[in-house]
Amino acid sequence: MSLTGTDLRNLCLAILAFGVCALLPFGDNGYWLGLGVTIAMFTTLATSWALFSGPTHYISLATAAFFGVGTYVTGLGIETFPFWALVGLAGIFGAVLAALVGLATLRLSGVYFVIFTLGLAELVRQVITWVQNNTGQKGLYVLTDLDEAGIYWWLLGLAALVFLTGWLIGRSRLGFALRIIGDDETVAAHSGINTARAKVLLFMVPGAVAAMTGAILAPRYVYIEPSLAFAPILSFQVVIMALLGGASRLWGPLVGVIPFTFLLEAVSSNFPNQTTLVIGMAFLVIVYLLPSGFAGLVDKVMHQVKKRETF
Amino acid sequence: MDILITGILLGGTYALIAMGLNLQYGVARIMNLANGEILVAGGYFAFIAYTATQLSPILTIFLVAPIAFALNWLIYRIMLQPLVNRAKTRGQLETDSILATFGLSFIGVGLMLSFFGGDYFSYSFMAVSVELLGNTYGANRVLSFVMAVLICGALYLWLNRSRPGLSIRAIATAPTSARLVGIDVKHLSALAFALGGAVTAVGGALISTYLTLDASTGVVFTLKALIIVIMGGVGDVRGTIVAALLLGILETVVASLLDPGLTLAAAYVMFLGILLFRPQGLFGKKPT
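Definitions and cut-offs
Residue positions are given per chain, counting from 1 as you read along its sequence in written order. In the order they appear in the text, chains get letters beginning with A and ligands get numbers beginning with 1. At least 70 in pLDDT is required for a residue's local features to be given in this predicted model, at least 80 for side-chain atom pairs to be given and counted, and no such filter applies to totals for whole chains, interfaces and linings, which use all residues. Secondary structure elements follow DSSP: runs of H or I of four or more residues count as helices, runs of E of two or more count as strands, with numbering from the N terminus. When we talk radius of gyration, it's over C-alpha atoms, and the globule rule is simply 2.2 Å times the number of residues to the 0.38. Here a residue counts as buried when 20 or more other C-beta atoms fall within 10 Å of its C-beta, as exposed when 12 or fewer do, and as partly exposed in between; the C-beta atoms come from the backbone. Here, residues touch in the contact sense if the C-beta positions derived from the backbone fall within 7 Å of one another. Taken from the helix axis, the directions to the C-beta atoms give the arc we talk about. To form a nonpolar core, buried Ala, Val, Leu, Ile, Met, Phe, Trp, Tyr and Cys residues must be joined through C-beta atoms within 7 Å. Residue type decides the class: Asp, Glu, Lys and Arg count as charged, Ala, Val, Leu, Ile, Met, Phe, Trp, Tyr, Cys and Pro as nonpolar, and the leftover types, Gly among them, as polar. One less than the residue count of a helix, multiplied by 1.5 Å, gives the span that helix is expected to have. Whenever a helix is involved, its axis is fitted only over the stretch in contact; in every case the axis is a line through C-alpha atoms, and angles between N-to-C directions fall within 0 to 180 degrees. Every angle not falling under 35 degrees, over 145, or within 65 to 115 is termed oblique; those three ranges are roughly parallel, roughly antiparallel and roughly perpendicular. Confidence of the predictor in every single residue is expressed as pLDDT, which spans 0 to 100.

Q: Talk me through the overall build of chain A; I want residue IDs and the actual numbers.
A: Along chain A, the regular secondary structure elements total 15 helices and two strands. In terms of overall size, chain A behaves like a compact globule, its C-alpha atoms giving a radius of gyration of 20 Å where 311 residues would be expected to give roughly 19 Å. Projected onto its principal axes, the C-alpha coordinates of chain A cover approximately 70 × 50 × 45 Å.

Below, the structure is given as structure tokens:
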């Protein structure tokens, strides 16, 4: 692995940025830390989402399903296992579930994938509710000594891991194969790439990450029940944030997460009934105004500046 | 036996809804994820008409259909046509239309929430029982089924016997070749999309006579319609009807023998089976 000067500079900047972010709990322990947790959560989810959907153009709505599975792993195992083991376990469950979903749907066209992932959270939720009704159990209590700052650091660490994974995938053969698949799947298949395998492998990344995020956030909810853990709106928020920012760049989703978190925060505290309307509008903005997100817009502007310089 | 009949009665209305979606996806190539919201809107219309003026839902559908037709025609012309024009590949159009119709779906839910609130709504229309083969069923269910059969039959005849129907089937089979033989693809796609919306809204008005709906139930119906369309095969009327009846029966079996909370899970298991073993649909031919 050879690093160029720019790579090293970017790496140092990224480490510095994470270091600064990690100081937040020392500055504030209330409102801003809460917001920090939300932003860290969505950054992790949206960035890992874009790792898969950016190059392949498949729209995954399975985030809520993986997230819910993760919260249940923590909820069920908190009495017996240490917290770090649960996070790892959730990652494994998420990856396995993603592989199963991928094997069933990723050989087919994108529409099947969207529809299947759209209902996946609901499917898992109905099954868990049914099991709970039959065993007479209602919800789960998650009682830990992990406070808001601890959750924040866990999420920040996971986010760093996601960025690192994304960066490594981008430099690997898998990343190269995926870029070809995204450009033209037929060409990719003809040049000897096992397209289904590449897609399934990559889909396991957001699956594992979303489940781990769910596992980390479970202590924040204290009481877990299916309709809370598998709230489908989460999947849509992640899609919007990633696409608003731009799924083609590693840093793209981050640019979408921060403004949209503030917007949703403002809307839900002032007009609680209008959040669905805002989410709908955001989808239309993405499709009609920002088809490749902020990152695409920046690329376009940079491209024009460069073109002007050469004249 | 009564499970089977209840299932078929439910499946009849499902067939109507899925037929609407199939027209939109098979002909206009728009995977319309706001389909369920059109259905709920149709249901609200029937509810308001019935509670305010005692207008029978059977008559309301003659009002719902043209309104939904016009609304969907406008949606297609203003919002979706630009996407069709700018799309370079089929895949890109699919992604764009999925995102755009998700947007419309959320806006639809948001608007209905702010106008009607989040409460469930239902009304009692023809809540008397009729006897069929020794068991009793709600008259509203039977009537909805009969109406659904009539509308499906009319659509089937229109698609198979009329000139515009022939053109629409031609577009569903081969959109690029259809243009070459002088079919106005743009015009007819808009027509098919609008017609699909009208059929779905009528289905919503009918289903509201016996099911309880609320502003955010639309997505459940969208999912069911999508599963039916894929199971029956895109653009296949016969397959859609068979798949809808199968889903209706399966749901009723699961709801009455296992747990009513598992109906969507059951539909999903069926969908998974189709994806794994017959992704081209029940009667579809294997792609070459």
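Q: So what's going on with the overall build of chain B? Residues and values would help.
A: For chain B, the count of helices and strands is 11 helices and two strands. When the elements of chain B are put in sequence order from the N terminus, they spell out α-α-α-α-β-β-α-α-α-α-α-α-α. By the compact-globule yardstick of 19 Å for 288 residues, chain B fits well, its C-alpha radius of gyration being 18 Å. The C-alpha extent of chain B, read off along each of the three principal axes, is 55 × 40 × 35 Å. Taken across its 288 residues, chain B has 51% of its residues classed as buried. Sequence separation of at least 24 residues holds for 77% of the intrachain contacts in chain B that already meet a minimum separation of 6.

Q: Tell me about helix α8 (residues 173–183) of chain A, and name the residues and values.
A: Residues and elements named next belong to chain A. Every buried residue belonging to α8 is among A177, L178 and I181, and all of these are buried. One side of α8 carries all its buried residues, which in axial view fall inside an arc of 100 degrees. Buried residues in α8 make contact with α3 (31–56), α9 (185–190) and α10 (195–221).

Q: Summarise unusual backbone geometry; cite the residues concerned and give the values.
A: Although it is not a glycine, H57 of chain A adopts a positive phi angle of roughly 65 degrees. Within the secondary structure, H57 of chain A sits in the loop between α3 and α4 (63–77). Classification of H57 of chain A as partly exposed rests on a count of 18 C-beta atoms within 10 Å. Of note in the backbone geometry, R29 of chain B takes a positive phi value of approximately 60 degrees without being a glycine. Here R29 of chain B falls in the buried class, since 21 other C-beta atoms lie within 10 Å of it.

Q: Account for the nonpolar core, with residues named and values stated.
A: Counting 190 residues, the largest nonpolar core has L155, A211, I240 and F283 of chain A together with A18, V202 and I228 of chain B as the members making the most contacts within it. With 15 residues, the single largest contributor to this core is α10 of chain A. With residues up to four places along the chain from it excluded, the contact list for F283 of chain A reads I240 of chain A together with L99, A100, F102, G103 and F106 of chain B.

Q: An account of the environment of L188 of chain B is requested, with residue identities and associated values reported.
A: All names here are of chain B. Summarising the element assignment, L188 is placed in helix α8 (residues 185–207). Since 19 C-beta atoms lie within 10 Å of it, L188 is described here as partly exposed. Setting aside residues up to four positions removed in sequence, L188 forms contacts with P164, S167, I168, I171 and I183.

Q: Now, about the interface of chain B and chain A: what can you tell me, with residues and values included?
A: At the junction of the two partners, chain B supplies 30 residues and chain A supplies 29 residues. Counting only elements with at least two residues in the side of chain B that touches chain A, the list comes to α4 (90–116), α9 (218–232) and α11 (263–277) of chain B. The greatest single-element share of the side of chain B that touches chain A, amounting to 16 residues, is contributed by α4 of chain B. Partitioning the side of chain B that touches chain A into residue classes produces 21 nonpolar, six polar and three charged.

Q: Account for helix α14 (residues 275–288) of chain A, with residues named and values stated.
A: An ideal rise of 1.5 Å per residue puts 20 Å on 14 residues; α14 of chain A measures up with 20 Å between its terminal C-alpha atoms. Within α14 of chain A the residues assigned to the buried category are T276, I279, G280, A282, F283, I286 and V287 of chain A. Along the long axis of α14 of chain A, the arc covered by the buried residues comes to 155 degrees, so they all point the same way. Each element contacted by the buried residues of α14 of chain A is listed here: α12 (233–245) of chain A together with α4 of chain B.

Q: How would you sum up the packing of helix α6 (residues 163–173) of chain B against α8 of chain B? Please name residues and give values.
A: Two quantities define a packed helix pair, namely the angle between the axes and the distance from one axis to the other. Residues and elements named next belong to chain B. Two elements in contact, α6 and α8, have axes whose closest approach is 10 Å; the angle formed by their N-to-C orientations is 100 degrees. Classified by the angle between their axes, α6 and α8 sit roughly perpendicular to one another. Residue-level inspection shows P164, S167, I168 and I171 of α6 in contact with α8, the latter providing V185, L188, S189 and A192. The residue inventory of the contact of α6 with α8, partitioned by class, reads six nonpolar, two polar and no charged.

Q: Provide a residue-level description of the packing of α3 of chain A against α10 of chain A, including the pertinent values.
A: Residues and elements named next belong to chain A. α10 packs onto α3 with a crossing angle of 170 degrees between their chain directions and a minimal axis gap of 9 Å. Between α3 and α10, the crossing angle belongs to the class labelled roughly antiparallel. Here M41, T44, L45, S48, W49, L51, F52 and T56 of α3 come into contact with α10, specifically with K199, L202, F203, V205, P206, V209, A210, T213 and L217. Within the contact of α3 with α10, the residues separate by chemical class into 12 nonpolar, four polar and one charged.

Q: Lay out the environment of F26 of chain A in plain terms, naming residues and giving numbers.
A: Residues and elements named next belong to chain A. Note that F26 resides in helix α2 (residues 24–27). Assessed through the 9 C-beta atoms surrounding it within 10 Å, F26 is described here as exposed. Considered as a pair, F26 and S53 are 27 residues apart in the sequence and their alpha carbons are 35 Å apart.

Q: Quick rundown of the confidence of the model for chain B? Include the residues and the values.
A: Residues and elements named next belong to chain B. In this model, chain B carries an average pLDDT of 82, and 94% of its residues clear a pLDDT of 70 or more. Mean pLDDT across the secondary structure elements of chain B bottoms out at strand β1 (residues 129–132), with 68, and peaks at α8, with 88. Prediction confidence for the complex, expressed as pTM and ipTM, is 0.86 and 0.82 respectively.

Q: Can you explain the environment of V69 of chain A? Please cite residues and give values.
A: All names here are of chain A. Its location among the elements puts V69 in helix α4. Here the alpha-carbon distance between V69 and G207, two residues 138 residues apart in the chain, equals 10.0 Å. Discounting chain neighbours no more than four positions away, the residues touching V69 are F93, G94, L97, V124, A211 and G214.

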